[in-house]
Structure formats: C-alpha cells, structure tokens
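The residues making up each chain are set out below.
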Amino acid sequence: MDLSLAQVPRGLVHVIAERCKECNFCINYCPTDVLEYSTEINAKGYHYPVVAEGKEDACIQCRFCDLICPELAIYTTDASATQSKERDAG
Amino acid sequence: MDLSLAQVPRGLVHVIAERCKECNFCINYCPTDVLEYSTEINAKGYHYPVVAEGKEDACIQCRFCDLICPELAIYTTDASATQSKERDAG
Amino acid sequence: MPDNTAAKTAQPGAAARVLSGTHFMLGDHACAEGALAAGVDFFAGYPITPSTEIAEHLARRLPDVGGRFVQMEDELGSMAAIIGASAAGARSLTATSGPGFSLMMESIGLAAMMEIPCVVANVQRASPSTGLPTMVGQSDILQARWGSHGDYGVIAYCPESPQECFDLTVRAFNAADQYRVPVFILMDEVVGHMAERVVIPDATDVPFVPRKGPESAPDGDPFYCYAADEDLVPRIAHAGDGYKVHMTGLTHDERGYPALDAETHDQLINRLVDKIRMNAADIEMHDEIDLDDAETVVISLGCTARSARHAVNEARADGISCGFLRLITVWPFPEKRIRELVAKGNVKRFVVPEINLGQLRREVERLTQLPVLRLNHAGGAMPEPEKILELIRI
Amino acid sequence: MPDNTAAKTAQPGAAARVLSGTHFMLGDHACAEGALAAGVDFFAGYPITPSTEIAEHLARRLPDVGGRFVQMEDELGSMAAIIGASAAGARSLTATSGPGFSLMMESIGLAAMMEIPCVVANVQRASPSTGLPTMVGQSDILQARWGSHGDYGVIAYCPESPQECFDLTVRAFNAADQYRVPVFILMDEVVGHMAERVVIPDATDVPFVPRKGPESAPDGDPFYCYAADEDLVPRIAHAGDGYKVHMTGLTHDERGYPALDAETHDQLINRLVDKIRMNAADIEMHDEIDLDDAETVVISLGCTARSARHAVNEARADGISCGFLRLITVWPFPEKRIRELVAKGNVKRFVVPEINLGQLRREVERLTQLPVLRLNHAGGAMPEPEKILELIRI
Amino acid sequence: MRTEVRFSGVGGQGIVLAGRLLGKAAALFDGKHAVCTQSYGPEARGGASRADVVISDAPVDYPFVRDTDVLVVFFQEAYAKFQPSLKPGSMLILESDLVQHVDGEENYFGLPATRIAGELGSQLATNVVMLGYLIGKTNIVSRESAEESIRATVKESAVDLDLQALAAGIQRAKDDEA
Amino acid sequence: MRTEVRFSGVGGQGIVLAGRLLGKAAALFDGKHAVCTQSYGPEARGGASRADVVISDAPVDYPFVRDTDVLVVFFQEAYAKFQPSLKPGSMLILESDLVQHVDGEENYFGLPATRIAGELGSQLATNVVMLGYLIGKTNIVSRESAEESIRATVKESAVDLDLQALAAGIQRAKDDEA
Amino acid sequence: MSVTEQTVHPTADVHPIDHLLRADRLPHILCPGCGIGIVIHSYAQAIAESGMPENDHVCVSGIGCSGRAAGYVNVDSYHTTHGRALPFALGIAVHKPDLNVTVISGDGDLTAIGGNHLIHAARRNANLNVICINNFNYGMTGGQVGPTTPIGARGSTAPRGTTERPFNLPYLAKATGAVFVARWTILHVREFQQAILRSMQKKGFCFIEVLAPCPTSFGRANKIGDGLHEMEIYRERCRIEHGASNFEDLDIDLIDDKKSITVGNFVDIEREAFLS
Amino acid sequence: MSVTEQTVHPTADVHPIDHLLRADRLPHILCPGCGIGIVIHSYAQAIAESGMPENDHVCVSGIGCSGRAAGYVNVDSYHTTHGRALPFALGIAVHKPDLNVTVISGDGDLTAIGGNHLIHAARRNANLNVICINNFNYGMTGGQVGPTTPIGARGSTAPRGTTERPFNLPYLAKATGAVFVARWTILHVREFQQAILRSMQKKGFCFIEVLAPCPTSFGRANKIGDGLHEMEIYRERCRIEHGASNFEDLDIDLIDDKKSITVGNFVDIEREAFLS
C-alpha cells in the first residue's frame, strides 16, 4: 500500500457553545491539537472550544471530540462533503 | 499395633420417645444396625427407635444417631462409664 | 395509536381466561380468577401467607392464556416489576400480605406519582410485624391510605366473600386503568381462605374499561402523558407505542419532564388526590340494610361484615331499630353517605366492629359527634355476631 | 445485672460527646449533636436528601467518641441494623427522608413488636415518590403513625428550630428507652437546613432516662423480657447480658416465645398501643399562646409553626382574639387539650396550616365539629405568615 | 336450617380437603348454601388443622362453627381441644385407632378409618372414609352430590380410590346402625 | 428591627457559606437573632443557589426573605430571578464581572469580587469579599463579629485568606463611599 | 462389668445438649425428615465445643422454617423479619464485637429477599457466621420455587418445573468477599459441625451452605419420597473437594442424578473484619 | 476544493444526534467534567447504530446523577425509584420481549440499594442491557462513599477514608450468571459504545461497568483535580484484557497509582434468556 496516496480526511468542527461546560476533554484529547479555549464565555460563564489559529485545516475527522464530549456540544463533519454541498447550494 | 487389644467402645442408647417423628435417620444410618422401630407409638403417633432384639451390645458409641437426629430425641453414652457409675451409686 | 386497548376489549383467548360457570372456590383463587377474567397479563409476586394461593393459582393458569408469571426476589421487586409491565401496557397484579405490603410502599408511591395503573391484593393477617401469619386481621386499612410518604390518592376494595373477591378484582383492574392509580384489593385471611360458591359470568359479560390512550398518532400532535382531561386523568401511552414518553417519580410537568418547583408540585399533587376525590361518587361503593329509619347504624367491611349483617338482621327481628352500612370501597370512604345519615337526625349512634384497634372508627368519628361504639379485636379471630348484637342492644 | 445503663448514666467521654456551648448550627447537625449528647452508640444510614447532613456529621463525630457509624447498603438494612444494635444495648439512630422512611416501614413494625428502642429522624421533603428532594414537605405525618402494617404505638416529635432538633433528639432517645418503642423525629427540610443559634448544655445537664433492666441477676429468678410493669412497659435485657432472651416479630408470650393464638395477640397488641396511650400525658408536648380566650385557634407544627406564630402575634396585635397551639409531639396527638378547648366554648374555629393536603386537619376534625379552616400546600414552600393571617381574619 | 360440621386433626391428614368436598357437595350439587373455612398453624405437617363447614338453606353469614352439630376428629390433640365445645345433641365421629375418648360420650361414633383406607389401597383416603361415614350417619348431603364433588375436585388418578373410600365410609355408617 | 439579606448565585460559589458566616456573626457575636436558610436545586454545580439571612432584635419566626433589604448577586441568572423582588430602598450588590445589570438601578453597588479574591490568592474567597463589601456598606454586623465568625467556621488553613478577603471587601466598600 | 452381662438401654426425657436448647419448646414445629433440626443440633453442639462462654453466643434468624432456628437455641436469640437477619445481626456484632454472632436462616430468606444484605455483609467482611440452610424451596409457605431451586425442579409456583438458573452460593460468597466458604449436607454432620466451629473461631464473614431435605414440600413435589430419600441422594452423589479448584463447577443439580454435588470447605482466607 | 483554501468552521446549535436526545432539556444538570454525559451520548449513538427502530428502545434509570440519564434520551424512558430500575425494566422486558430495554444507572443505585435485583436479574438472565456508571461514590447527595469506593478513598461519610472493600463488579456479574460482562471507562468511548451495541444485539443479561469521573464530589474529596485528571488516570493505568483470565484480578484501586485497572469485554457467552 502506498501510504502517500492515502488521503487524510479533513473535518469541519461544529461547536454548540451554549452547551459547553469547559471540561477540556475535547481540547485535551484532540489528536491533532485543533482546539483551544475561546476568549469569550457562554451564558453559563464557560469558555468553550474554538479552532485554534493556524489549525483550521488540522482536523482529521476522527470524531473523538464529538464522542468524548459529555455535553453534546461539539461534532465534526467531513469538510469536503460539507463544503462541496455548501458550494452546490450556494 | 495389636488390633485384638483395641477395645471397641460400647454404648448405651437413650431415646426420648416423645420427641421422635419417625424420620428413620438414626435407624438407617446406624453403622451396626442397633436400632429398629418401636411397636408402640408416641403421643404424636410416631414409632420411635428402640434397640433391636439381639443388638443390645452392638452400639459402638459412634454418636452418629445422636448427631443426625433432627429432633434431639436420641443420644448414646459410654456403657462402661455409665454403668460403672450406676453401680458405684447403687 | 396503540392497539392494546382494542386487543383487550376483544379478550383473545377469553374462553380459557374466563372460567365461566359456578364454582366452590377459595377467596384467594377467586381473586386470581377475577384477575384472569379482567385480562391480567402480568403477575409478579413473592410467597407470603395467606396470599400465596393467589400466586400459585396464577402460576398454573397465566402461562396457558398468554400471560407472564414471575416470582420475584422480594416484594420491592414485585411492585416495581408490575409498574414496569404496566408501563409497557400490561394489566398487572401482585399479591401479598402485611409485611410485603409494607415493603411495597415506596413503589406504590411511584405508581401514584407516575400514574401507572396497577393492582395490589393484600390479604390481611394479624399484625403488626410477623404477627400471626395464618390468622385474620384487618389492620392495614389506614396503611393502605397513608403507608407511602406524601399525599396521593388510592382506591381500595374490601370483599366480604369469594364471589366479591372475583367481582371486585375485575373492578379493581378497571378502576386502575380508568383513573391511572394503584388500586388495592384489601382482602382478609378469612375471606381469602374461605371456600364458597362463586359464579363467573360469560367472558362477554365481564365489564371492561380500557385505558385512555393518545388521541393522535405517534407522529401527529405532540402527546403529553400528564395533560389531564376534565376528569383529571391524563391519557397514557406505553413503552413501544412510539410516543417516546418520559415518566419520573420526580415532580414533573405535563410532558413528564422534571419540574422542580413548588407551584408545579402543588398542582400535580392536588390533581393526584383530587382525581379520586372528585370522582368519588363514581368509585365509592357500599351496601345498605334498613338505613332509612335506623337509630343504630353498624358500619363494617370484609369478613367482619358477615358477622355484622347477621347481628343487624337478628336485632331487626327483635324489633330494634338498626341498620347496616357495609363498605365495599374503604377508599374512597363513604363520607357523603355517612354525613347524610348524620344529617337526617334519626341516627343515635354508630357501632363499628373491626379486626384492628379502631381504624375505621377514626374515620367515622371524623364525620360525626354521635357516639361511635367500638368492638375491636387486634387480630386472629373475627368477631362473633353475638358480640356485635350486644353492642346494638346497649 | 447488665452494666450498660450505669455506663450510660456516667456518660464516659461526655466532654467530647457533648458540644456544650452556643453554636450557629444547621438543624440536621443539631439533631446529630443531640444524638451524641444523648449517648448514641450506633448510627446506620443511607444517603438521602435532605437528611444526609445528619449522617455526615455523625460519620465525623461518632468514631471519636467510641461510637460506630455504618453506611448500609439501603434503608431496609439501616433500620434492621439499628434494631439489632439496640438489642445489644446500643442507643441507636438512623436518619432518612420520605422514600427511605417508606422502605423502613416493615422493620419499624418489628421494632414496635419486639419493643426494641430506636430513633429514626425523618427530614421530610416534598412528596410523594421522589417528588422535590431538596424542598420542604410535612406530608409523612400520617405515615409515621400508620405506615407499617397493623396497629402499634409510636412517638413522633416535630422540631420547629435547630435548638429543638437538639432538644427533641435527646428527648427521643429517652422516650425510646423509657417506653421501648421506635421514636421518630419528624423534621422538615426547612428546619433541617436552617442554621440558627443552638445552646448545648453541660453534659451533666443533658437529661438521661435509662432503660429498665432486669431486677435480678442472669442466674437468679427467671427473667421475662415481655412481662410488663404497671406502666405497661416490660424490662429489657440485651444480647450478651446473660439472660438468654428470645425476641420475635411473631406474636409472643411474656418470655418472648411464639404464641400463635388470637387471645395472646389481642392482649399484646393492645398493650403496645396502650403503653403510649396510657402514658400520653407524660409523653405529649405542645406550646400554647393565648389559648384562654381565643376564638380562633391556629394549630401547627414544624417549620410551619414559625409562620403561624408570626401570624397569631400579628393578629393579636390587631386585636383579633386568636391563639396558637403548637404541636411538639404530633404522636401522641394532643387530643385531650383540643377537646378541652372545644369544651370551653369560646373557640369558634380552628385554622390548620400545613405543608401537606390536610393530614393534621383530619386529626383535628375528629375531635370537633367546629369549622377547621385549611391552608395547605403540597410541598416545596412553607406558607407565608400573611396567608395564615388572612385566614385568621376571615 | 344451619348445620355446622367441624373436621379436626393434624396437618397432612387431609382435613381441609374433607371440608371442601363436603362444602362443594352442598353448595354446587345439593342446592344449599355452604361455606368452608380453614384454620392451621405454622407447621406444614403435624400442627393442628381444622376445617369448618357450615351448610344452610339461607346464605351463611358467620362462617365458623359455634354450635357444633358434628365434630369429626382425626387425632387425639384435636379431641382434647374441641371436645369441650360439644353441646347436647352434638354428634362426635372419631378415628378410633388414633383417638381415645372419654367414656359416657353421647352420640359418639368411632371407626378405624385409616385402616379402612389402607385396605382400599392408600391411607391417603382416610379423610374421605371419615367424610363418607359422616354422610352415611347424617345425610347432610346426598351421596350423589358427594360423589360429584369428589369427581369435580380431586385429581383424576385419585377419583376411584376416593369414591371407594366414600362408599366404604357410608357402608360402615349403615353397618353401625344395623 | 428585621433585616433581610439574600445571597444568590450558582452552586459552587460559596453562597451558603457566605450566609452562614453572616448569620453566625449576628447570632453568636453580635447578640442578635439570626436565621440562615438555604435553597438549591438537584445540581451539585451550576444550579441556582440561594441563602437567606434574616437578622433581628427579636426571635425570627418566618425564616425566609420576603422584603429584601439587601440582595447580593453572584451570577447573571440569579439577578434575572431576584431583581424583580427588589423594593424601593433595597440595596443591590453585584459581582460586576459576572453580572450585567439594567441601568437606572437605585442603591446599586458592583465590585469585581472574583478578581479581588484572585489577587489575594484564591477565587475561592470571592464569597467572603462580597460579604465584606456588604458589611462595609451596611454595618449589619460588626467587622469583629464577622472575623470571629470566620475563625469559628472555616478550616484553619483558610482563615487568613478569608480574613484578608473580608478586609478587602470592607475596604472596597469604604473606597466606594469616598 | 462383665462382657457377657446384657446391656440395658435406659429411656430418657432429657438430651445432654438440652441446656443449649429451649427444650421446653421441643418437639419443634418442623416436619418429620426435615433437616433443620439437625442444623439446630449441630449449632448447639458447636457452641458446646467452642470453648467460648454460652453468653457470648448470639443467634439471629429471619423468616421461614429455617428462621425458626433462633427460637430453639438457648442463647440470646432474635427471630427478625424476612430477609433482614443479616443487618440485624450486623448491628449486634458491630456494637458488641466480642459476641459471636451466628445467623441461621433459609435459602429464601438469605439469598432471595435478603440477597442484598448477603453480598454486602460479605463485601464488608462483617464479623458474622452465616449458616444458610438450603432446602431448594420455600417450605413454610408450601413449596414455592426460589433462587436455589434446581432447573427443572417443580414447586407450587413452577408447576411445570422452574427454568431459572439457581445461584451457585459458594461462588457468590467467594466473589463478594467471604473469608470462609463451605458447603455440606446434614448427612455430613461431623464435617458441618467442624465448619461451624471454624466459623466461630474466625473473625470476618463466614458462609456455610448446608443442604437439607424438605420432604413435605420440595420432596413431595419432586418425587423424593421422604427425608431419608434425599439423604440417600446426598450419600450417593456428594463429592468432597476442599478448596475447590473451580467455583463454576459448584452448581447443584439435584434433579439430574448423574451429576455429582461438590461439598467441602472451599475458602479459608484472612482479611480484616468489619469494625470488630 | 483546493487544499490551500482555508477551512471555515461553522457554529452550530443542533447536534446530529439530537433527535435521539431530549435536546430541549440541554444543557443537562450534570457538572463540568462529569462522565455521565458521555454515557448518555454513547447510548444514543449505539441506538443510532443498532439498526433497530428507535421505538423498540426503552431506557430505564434509577435515582442519582446517573439516574438522570433516562430523562435525556428521546426514547420511551422511565426514571424510577432508587434501586428499582432493574425490576421495573424486567416488567417491561417480560411483557414486551421485542423491546430492547437498557438500564442506565449509577453504582450506588444498581449495586448498593439495588444490589439484590442485580444479582437476581443476572441469575435469571433477564433480557436487559445494564450500563452501570461507576463514579466511586454518591454524587447527587454530595459525595458519600459507597460499595464501589476504593479502600482508602475519602467521602463525606468516610472522612478518614473508607475501610470497606469495594465490589469487583465484573466478578459479581459473572458469578451470578450474566452472559455479557464488560468494563470500560468513558475515555474508551469507542470500545464502550461497541460494548453497548453488543449488549443490544444479545438476548439475556448484559452488564457493562463504565468508569466515569465525578470531579465535584469524588474528585474533590480525593485530590483528583477535575474530570480531565481522572481521565488521565484512566489513560495511564488502564490495561485492556478481553476475556479476562482471572476475575479476582479485576479489583479496582483508584487510589494506589501503581496498580493497573483492567478493562475489556470479559464474558460473552450464550444462555437462554428469561421469558423472552
């Protein structure tokens, strides 16, 4: 198998900020360190995850942030699929 | 060891007839078949164990009839000890 | 819409279920047959004297008519299991006696709070504690009303004969479903262990009151399983029906969601109590003998009523002006009727014989200032008619 | 003769046990301190809001003063364990709230039947079922009297403040030992979770009533642990004391042997009820304000009494003829005093505010035909004084 | 007319079944009203056992025996317990091998029902022999009703034995009169 | 004279402790009568939390706040909930970093208590900073009593921090007046 | 005494162990052939042999035929509610740790309604000796099946035979932490008595399952003629294996007569006892 | 799409799994760093992947923080009394055997007050999936110790650390007859989810213990800073061993950081399920 041909999937990160309680699981366990805390707080006073500067293309769509989130506050989608669709729709 | 010198203990069988419920355990499990049912019945209508004819000297004082009796209705004592004592007292 | 009510009305396998005909039958067995005739789907119980015959009878009969019999590990589990089965649509029953009834109290509160119908037969024995397991008592009457923490409403029937064990068990299932409440059959050891003639009607003549199900399909208008109708009873949907209900023992809103505030609580609990209180005229049942002009009124229930009736009839034959009020439901209590009797003015006193130390008497005393004569036995023996007659004659 | 009563009177380690001084303390903690001051040896419990602070406090304090704290697997086990420990001579306590109280009902009946002293603190929350766990209720009042199957006698104290949580807990232990009964401290969430000044006396000033032990040595005259004295209370001997007692939840004779006949049962159960009823004058406690000439009498208990007192004082200040009867024991109920008030003739009506749907009111109604005005909330909030004042003013 | 019959013995003797058979015969096949109550102790076997049957033309209110018309006794202890409750005119029927009675009893009848049942093949039918004797002596229910009751109650394999036992009991009663 | 103080915020902010410290200061060290009640939801953290303290010269009957004299707010949701209960003359004290208030509030005071506590070494002392401010503004209890209350209540390792927090709160109140 | 002299066997009205029994209550209420009497007898014998003062022994029972045990032994004895013997006993044992507290009760009482207290008392290692009399059914209420009824055996609540798997009690006791676990039958009366003695000597939670016939209910429902018949089953099919190698093999099948029943002292370890 | 184009990450207010949740009740009441939300999430995900109709799934919970699970999943769901989730669920499962009934509750609810129903449901092989969220203490009432608290760990009712041995839950489940037994942590979220799926596919009693942080109560009392800290403990000390060779080695000691914690799918056998 030619690994250079294996395409690394790329993901879009969706955050439902108002659900977040700042547990840090998603940020800490992201294998490519995509996430960091927001500077803003949500209504409950928590800093939620945002994509860190320079990491916009780093999400590999492993879904771990989604699965490990106790608040149902984050998920990822396939960037190519989504953006293609968006472009189609647009 | 000279087995001929080993003294086989001999036992006296004491039956509390009114407690007996005729379960047959003592009669059945006596290793030397000392016991048999009485012909009389007790107040509850049960045949209790008595020493079978010809078996008066057969009890080896193993105490199993005592231990296995659910009614606390039978026990044995050392024939020599008891009878000696009785004789002493008498 | 779920089809379970339709299925119930049709009474599949009714022939096997309903033992139509005339029998000489134990009260305990008549209770079990009443449950079968009412379409019981699920029984969970735990052995306890003197109710065990109900379980044993259903262990034999239920599997043959498509129902499920489960002997649980304890009464806590039995009570929880029948609530669960009912949440899934089953007509469900447990049977027990005093000690087991005490153990069921917490979950009886859950059934009341979740408004999940279920039927509990309590064959009363001489109590408290282990007491006299094989002997009669009638001392769980106030426990049936107040035994679980908090306020709630219940219905309790008190059969005086095997025939009534059958009839009132049928009625208990219907009342449970109609009002979404736990319903008790407060038998006693004498009635439970008494054999007498029992006439079981044809299956088509067994009354059947279905649960009120949702008015819309699962994918239609939102269904709120705690939105009460005018009768204060909400409609119910069952596990698997597709309505995705949520039910909780916490204080909840109409959707069943926890709503932890005092106002919601006050409304909810008042409704739970009021749905029985407001419908009491339909639920409450009693028998009367010669109450119109009676100066002495005997009030009684269960096996004691048999002695009481005998005494009243003898007294009447002797020309004494007395009458008899037999409670068929003890809860709701016939408050209205007793107040009427008091208001009429001819009643001079009440006589309340019972196999406890004065539980019914307390209720009567609350409704009148007239003398309430007592005849109490703590348990183990039912009062003889002569003892009651003596009181009537005083 | 066993030496445990002597040991108790001497209060070993009393300094550490009795937190003499003035404190600002939660009602729950005051209850725990009251238990310690009374010499509690053994606590078994299970976490439940809003009583948990009692257990937590004793988990910290008990081991340091030679007592034992056990967190059991459930409330069934907790109740059984404190009865067992008490059978071995311990002053023992459990604490719970409604759902746990329901689970304890069967073994409460055992304590009543075996006549083994024990104390149960029930910090009432809004009920039934899970209800509002963190919010106030007073709806376990009738359950405290009737929650276990059968007839039996109990004592129940209703503190209105942390100070009373302390005082009445001490009293509860003494009453339990004096009468060989289960005794309840019927707190409520407001009182349990309220911090207020609590004055704890010197150890020597804490009242102590010992259990009546055998009059003869173990190898002396035969000792009958159910042979009642004139006060209807039998003497007790404990596991390990050498008297070879037998105790059972079955109906039993004076020796404690099972005696399965109706007559023994009737005598025994009547004694269990009568030993409270006949000693009610010594046990029953209440507070009064201005009852001598009151036309309106407010009756209340627990946290609700605080609002009621406020309302009564305001009404009096406005020149309204009203008075206040605060129940400190709800069981035994102050029947005699209420009958006296009714008999005097000046009372025109009663007002009964309570955080339930009318449990106290029922008891009052049993004693009078005068109007009994209700102010009920099902739970979650205590009535404001203004609401009570409105009723007084009607 | 209210007739009160008490069967008494120890657990395991089929006392309650005897009562039920009699009650059922009266209630279902003789057109009477009948109630059968039972009383027993905690023992599975060997404890006191009692069955009261009250038969009447009118509905039966109080279901227990107060004025014993017939006392059927299977065991010595039961005799000691219930003998004092006999009134003048009461009939007493004893299992004569198991119960010794005081002399001078009026209206007394005894039969070795256990032996009779044993001769028929099983001592388990002792209770029905006693029932048959009672019926033979009193005609409290018809023989046909008793037979129907047996057929409607006991398991199929026991019907023949019990019918024989009933017949034997009735015959014995007739023999005693002869 | 009955004075009613309500502390409100979310679970985990030390609301109840603030109330207890105040109540204890009044009841044990200022010779007053005081009651502290608490109210909380099922959440261990993040749910609404409330402590009511009623201080009076006479025994306190009704233990909850009805006519708020001082409302101390630690969190936005609590502000929304209790702001409507303010009466003319009520004092309002806010954690100004966590709570936004509507304009035109009379008798309003705000302070960044969390920040102040953080500067002292731990945000855990935020509640005591707020308490100090309240005391500084109202003299509802004496500073000495509040200090005694802290010493008698919190664990030893926290006494110094809380005393500093109290002082900082009181100082802030005085600064605001200057 | 001459050997030729014929021994005269006296009658008696007192048993040598009667002082440890409430002999005024004998004969007891249990059926002919019931094994519970042997357990009571063995317990009394063990007390006598324990060398500890009689007054240091306490007996606690629950409800059911086996629960009547406490009523016949002449030590401080408590007949509690159904399933609650263990926590009641725990209260005694924790308050007076020097007492030797033995719980004698039935399989229904200890493992059905009382199952939770059993696993927690074992987990805590409460200082209790438990004798669980397993007669495979509820005897006193008339022979209902229970959590020890072998698959296929009949009872009044399983007229066609139960389909539920029974507990393997030694396995359960071991998995929850008991420091002494044994199984015997009342036929193995000497070994059983030694096991009781061992439990009295040990601190901590000791669990002894003892198989006993219930001829009236279980026997009758399952074509086991009488107590003796069930004793014979024990004799023929029991296999002693101390320190059992595989606890999963300790399942009991009383119905299939090809299967052996393993008995023995299976566990005997040391672990700190609870508050004692 | 060109690789050089920079990805824009959208905000959202709905989660793709929201239809299986009562999303109108989110955010839930659980604390930051609490693991219960992940269990709820995993259960919803397993339903989605189960291929069974949503309406065939039923969720039953008991009392406590974990007991709130039933209130957040959008299937027929019942939040019962403390300890009684299992018999309540059994009633549903027996009456409607085609439903897939999952019990989600806490260690206190299922193994303390509910322990008896656990061992009996396992013994009967009731057709239930049980997810036991073990956070080592009673969270909702403020951090009391319980039957899963490791020896030495502190709680509000054991201020000096508990001395009672905790249950070894996989061992208990196996010894009482569960046909599927697994232990995972919420960090092992994929394996955990697969275990749930497996339990949904199997008939009979399936028991999954899942370790989850309770930072507010257990964590704070035991110097475990926050949820993440406990997750790190799982990461460092967990060892996967499917079909564990020795169940006695499955004891958990969260306090002694030299001891490993064994996780895995331990039992997966076939046995006839109860009345299903």
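Our structure's up above, just so we're on the same page.
Residues numbered from 1 in each chain as written. Chains lettered and ligands numbered in written order. Predicted model: local features only at pLDDT ≥ 70, side-chain atom pairs only at ≥ 80, totals over all residues. Heavy atoms only, no water.

J.: Sorry if this is basic, but what is going on with the packing of aromatic side chains here?
T.: For any pair of aromatic rings, the description rests on two quantities: the centre-to-centre distance and the angle between the ring planes. Per the stated rule, a full pass over the model turns up 25 aromatic pairs over all chains. On the basis of an interplanar angle of 75° and a centroid distance of 6.4 Å, the ring pair of Tyr 29 of chain B and Phe 64 of chain B is categorised as edge-to-face. Of the two residues, Tyr 29 of chain B sits in helix H1 (residues 25-29) while Phe 64 of chain B sits in helix H2 (residues 64-67), which places them 35 residues apart along the sequence. The exposure class of Phe 64 of chain B is buried, given its relative accessible area of 17%. With centroids separated by 6.0 Å and ring planes inclined at 40°, the aromatic side chains of Trp 331 of chain C and Phe 333 of chain C adopt a geometry described as tilted. Across the pair, Phe 333 of chain C and Trp 331 of chain C agree in class, each one buried. (Phe/Tyr/Trp six-rings, centres within 6.5 Å; stacked < 30°, edge-to-face > 60°. Helix = DSSP H or I, 4+ residues; strand = E, 2+ residues; numbered from the N terminus. Buried < 20%, exposed > 50% of the residue type's maximum accessible area, 1.4 Å probe, protein only.)

J.: What exactly am I supposed to notice about the pairing of strand S4 (residues 92-96) of chain C here?
T.: Walk down a regular strand and you will see the side chains alternate between the two sheet faces. All names here are of chain C. Most of S4 sits inside the fold, with five of its five residues counted as buried. Along S4, one buried face is formed by Ser 92, Thr 94 and Thr 96 and the opposite face, lined by Leu 93 and Ala 95, is buried too. Sheet analysis places strand S2 (residues 42-45) next to S4, joined by two bridges and oriented parallel. Pairing of Phe 42 across the sheet is with Ser 92, part of S4. (Pairing = 2+ DSSP bridges.)

J.: Looking at this structure, I do not really get the environment of Arg 25 of chain H. What am I missing?
T.: The residue Arg 25 of chain H is located in the segment before helix H1 (36-50) in this model. Arg 25 of chain H sits in the buried class, given a relative accessible area of 16%. In this structure, the C-alpha to C-alpha distance between Arg 25 of chain H and Val 58 of chain H, residues 33 residues apart in sequence, is 18 Å. Those residues in contact with Arg 25 of chain H that lie beyond four places of it in its chain are Tyr 257 and Pro 258 of chain C together with Arg 68, Gly 71 and Tyr 72 of chain H. Among the polar contacts made by the side chain of Arg 25 of chain H, one reaches the main-chain carbonyl oxygen of Gly 71 of chain H at a distance of 2.8 Å. (Contact = heavy atoms within 4.5 Å. Polar contact = N/O pair within 3.5 Å; in protein donor to acceptor, adjacent residues only side chain to side chain.)

J.: Please clarify how the interface of chain D and chain H should be interpreted in this entry.
T.: Interfaces are often sized by the accessible area lost when the parts come together. Chain D puts 18 residues into the contact, and the matching count from chain H is 19 residues. Both faces considered, chain D and chain H share a buried interface measuring about 1,300 Å² in area, 52% of it formed by carbon and sulfur atoms. Summed over the three residues of chain D that lose the most area to chain H, namely Tyr 46, Glu 56 and Gln 71 of chain D, the buried surface amounts to 37% of that side. Between the two partners, chain D and chain H, sit one salt bridge. Across the salt bridge formed by Asp 64 of chain D and Arg 160 of chain H, the nearest N and O atoms sit 2.8 Å from each other. Across the chain D-chain H interface, the total number found is eight residue pairs in polar contact (both at pLDDT 80 or more). Elements with a contribution of two residues or more to the side of chain D that touches chain H: helix H4 (52-61) and strand S3 (68-71) of chain D. In terms of residue count, the dominant contributor to the side of chain D that touches chain H is H4 of chain D (four residues). Tallied by class, the residues present in the side of chain D that touches chain H amount to seven nonpolar, five polar and six charged. (Buried area = accessible area lost by both parts, 1.4 Å probe. Salt bridge = Lys/Arg side-chain N within 4 Å of Asp/Glu carboxyl O. Nonpolar A, V, L, I, M, F, W, Y, C, P; charged D, E, K, R; others polar.)

J.: When you look at unusual backbone geometry in this model, what are you seeing that I'm missing?
T.: It is generally the case that most residues other than glycine have a negative phi and that most peptide bonds are trans. Between Thr 49 of chain C and the following residue, Pro 50 of chain C, the backbone shows a cis peptide bond with an omega angle of 0°. Here Pro 50 of chain C lies in the loop between S2 and helix H4 (52-61). The linkage connecting Leu 26 of chain H with the following residue, Pro 27 of chain H, adopts the cis geometry, with an omega of -5°. Relative to the helices and strands, Pro 27 of chain H resides in the segment before H1. Despite not being glycine, Lys 223 of chain H has its phi angle at roughly 55°, a positive value. Within the fold, Lys 223 of chain H resides in the loop between helix H7 (215-221) and helix H8 (227-237).

Read these as geometric descriptors, not functional statements.
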